[in-house]
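Understanding the architecture of this molecule
The chain contents come next:
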Amino acid sequence: MAMTRTHSWPEGHWDWPIHVSHKHGIRCGEMLFVGGQVDLDSRGNVLHAGDLATQTAAVMGHIDKVLRGLGADLGDVVKLIAFYQNDGSRDEQRFLADVARQLPAQGPGPAIMLVPLPALAYPGMLVEIEAVAMRGTDGRRLERQGVALRGAAPLPAPLSHGVRCGEMIFVGGLSATDANGAVMAAGDIVRQSQIVMDRIGEVLHGFGAAHDDAVKINTYYTGAGQFADWEGAARVRARYFAEPGPAATGIPLPRHARAGLMARTEITAMLGKDGRRLPRSHVWPEGHWDWPIHLPYKHGIRCGPMIYLGGQVALTPKGQVIEPGDLVAQTRIAMENIRRVLAGFGAGFDDVVKVTAFYEGGASGEQLHKNLSVRSACFTEPGPATTGIPLPFLAYEQMVIEIEIVAMVG
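Cut-off values and rules
- Residues numbered from 1 in each chain as written.
- Predicted model: local features only at pLDDT ≥ 70, side-chain atom pairs only at ≥ 80, totals over all residues.
- Heavy atoms only, no water.
- Helix = DSSP H or I, 4+ residues; strand = E, 2+ residues; numbered from the N terminus.
- Polar contact = N/O pair within 3.5 Å; in protein donor to acceptor, adjacent residues only side chain to side chain.
- Contact = heavy atoms within 4.5 Å.
- Buried < 20%, exposed > 50% of the residue type's maximum accessible area, 1.4 Å probe, protein only.
- Pairing = 2+ DSSP bridges.
- Right-handed = clockwise from strand over helix to strand, strands pointing away.
- Axes fitted to C-alpha atoms, helices over the stretch in contact; angles between N-to-C directions.
- Parallel < 35°, antiparallel > 145°, perpendicular 65-115°, else oblique.
- Left-handed = near helix turned anticlockwise from the far one by under 90°.
- Expected span 1.5 Å × (residues − 1).
- Core = buried A, V, L, I, M, F, W, Y, C linked by side-chain atoms within 4.5 Å.
- Phe/Tyr/Trp six-rings, centres within 6.5 Å; stacked < 30°, edge-to-face > 60°.
- Nonpolar A, V, L, I, M, F, W, Y, C, P; charged D, E, K, R; others polar.

The chain carries the name Enamine deaminase RidA in an unreviewed UniProt entry, which gives Hypericibacter adhaerens as its organism.

**Let's talk about the side chain of E404**
With respect to the element layout, E404 can be found in strand 18 (residues 401-408). In this structure the side chain of E404 is engaged in a polar contact, spanning 2.9 Å, whose partner is the side chain of K216. Looking at E404, its side chain comes within polar contact range of the side chain of T249, at 2.6 Å. Beyond its immediate chain neighbours, meaning those up to four positions away, E404 contacts K216, N218, T249, L309, G310, G311, K354, V355, T356 and F358.

**Side note on the pairing of strand 5 (residues 111-117)**
Buried residues dominate strand 5, accounting for 7 of its 7 residues. Where burial is concerned, the two faces of strand 5 agree: the one with A111, M113, V115 and L117 and the one with I112, L114 and P116 are both buried. Pairing geometry for strand 4 (residues 77-85) and strand 5, over 7 bridges, is parallel. Following the sheet pairing, Y84 is matched in strand 5 by P116. You can see the chain leave strand 4, run along helix 2 (residues 92-101) and come back into strand 5, and the turn it takes is right-handed.

**Thoughts on the sheet that holds strand 17 (residues 385-391)**
Two orientations exist for strands paired in a sheet by backbone hydrogen bonds: parallel and antiparallel. Pairing is mixed across the open sheet formed by 6 strands, whose spatial order is 13-14-15-18-16-17. If you trace the sheet from one side to the other, it starts and ends with strand 13 (280-283) and strand 17, each paired once. Neighbour-to-neighbour, the strand axes of this sheet turn through a mean angle of 10°, independent of strand direction. Judged from the 5 bridges that link them, strand 15 (residues 306-312) and strand 18 form a sheet pairing that is antiparallel. Note on strand 18: the bridge partner recorded for L309 is I405. In the packing of helix 5 (residues 327-344) onto the sheet, the strands contacted are strand 13, strand 14 (300-303), strand 15, strand 16 (352-360) and strand 18, and the crossing angle to strand 18 comes to about 30°.

**Overview of the packing of helix 3 (residues 189-206) against helix 4 (residues 227-238)**
The interhelical angle for the contact between helix 3 and helix 4, taken along N-to-C directions, is 30°, at an axis separation of 9 Å. With respect to helix 4, the axis of helix 3 lies roughly parallel. As helix 3 packs across helix 4, the resulting crossing turns out to be right-handed. The segment helix 3 lies against helix 4, with I189, V190, S193, Q194 and M197 engaging D229, G232, A233, V236 and R237.

**Focus: helix 6 (residues 365-376)**
With 12 residues, helix 6 ought to run about 16 Å at 1.5 Å a step, and its terminal C-alpha atoms sit 15 Å apart, in line with that. The elements touched by buried residues of helix 6 are helix 5, strand 16, strand 17 and strand 18.

**Structural notes on the nonpolar core**
The biggest cluster of nonpolar side chains holds 84 residues, and the ones touching the most others in it are F83, W230 and L342. Look past the residues within four positions of L342 in its chain and what remains in contact with it is I307, L309, A347, G348, F349, V352 and A407. With 29 residues, the next largest nonpolar core counts L32, Y84, A100 and A131 among its residues.

**Describing the pairing of strand 11 (residues 247-253)**
Judged by how many residues are buried, strand 11 sits mostly within the fold: 6 of 7 residues are covered. One ladder, built from 7 bridges, connects strand 10 (residues 214-222) with strand 11; its direction is parallel. Of the residues in strand 11, the one forming a bridge with T222 is L253. Chirality of the crossover, the property in question, places the unit of strand 10, helix 4 and strand 11 among those that are right-handed.

**Re the packing of aromatic side chains**
Inspection of the entire model under this criterion finds 13 aromatic pairs. The interplanar angle of 65° and the centroid separation of 5.9 Å between the aromatic rings of F241 and Y297 together place this pair among those described as edge-to-face. Residue F241 is located in the loop between helix 4 and strand 11, and its partner Y297 is located in the loop between strand 13 and strand 14; the two are separated by 56 residues in the primary sequence. Y297 shares its class with F241; the two are buried.

**Some thoughts on the packing of helix 5 against helix 6**
Relative orientation of the contacting elements helix 5 and helix 6 amounts to 35°, with a least axis distance of 9 Å. Our pair here, helix 5 against helix 6, has a crossing hand that is right-handed. In this structure, helix 5 contributes L327, V328, T331, R332 and M335 to the contact, and helix 6 contributes Q367, K370, N371, V374 and R375. Tallied by class, residues from the contact of helix 5 with helix 6 come to 4 nonpolar, 3 polar and 3 charged.

Here it is as structure tokens:
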């Protein structure tokens, strides 16, 4: 059963150069999703080109404006994902501080994932930030609990390593760095993955939860688009979950901000307010694509009203790429795979609240528009919030798009 939802598109807000069904923000019950916000004008032109600090302030202001259109504000944000341009020359801590500075001082503030990229979708655009917020259906702020990870570098206030609000738990992007920010086990993705998963467990434990309460896991790892880049680390992470595990997405990056840093992982988990594990169901459609190695993850997980889909791609059940290098064809296949997984829960595209697409491309709107137009056509307007992120490569050679979904049902 579809849940009532409202949408936000503030007057005079920025727009894409092409028409799409997506809206900037969507609210469904207590959950609010803001699609990737950028510093564009209403005609799709980049503003303050090349100025990261100014764009960051503008983007955080856009998030606040979209949330206010849904009866909330920045004080309700529980999670941020900040995609930003960094070729290794930018100070990531300064960028993190710039983001934190835009948030209300009272804490605990949101968990955050930082994702350094070679470029974003349009020339001169240096940052894109998406948000999840939570606000009571009666208009009141919801209580939240924050956790600061011991042994890790402290985050600038009011950011948190993990946040719990109601049944939702958000663990921000954790990596293998010590309290001074130095990289541990530099260059060793397998060892770093173990450190990160142990740290995620510590944060979850702070809320009375465990790895098996996870409904979604995202990993951004240093790689070059080869199976060998992620196989060993994937086997390590898999050991932390009993089957059926969470939905999963793994995205390769040319580099992280710190030399020798190989992986950063975030988790979304759900736990009953009484501390009991919540029942969940999963979907794996017959004949659906699979990884080349056995992993505990499922294509879709439902827990309460929330449905999380791992990144959907154009692969065969044996992990072979379909329509190699063809962005439009692979986008259509990925969206059909999304439709099949949603149908397994009795849901459809109109139940989707958030779309994130990672595609092969650079600082040119052409590749974004090719896949965005296909994705957008799947939804009835007003559609879900969306984020589109270009990458020089994805996890497999000739695989050029991966799309993940959040949906909500009654």
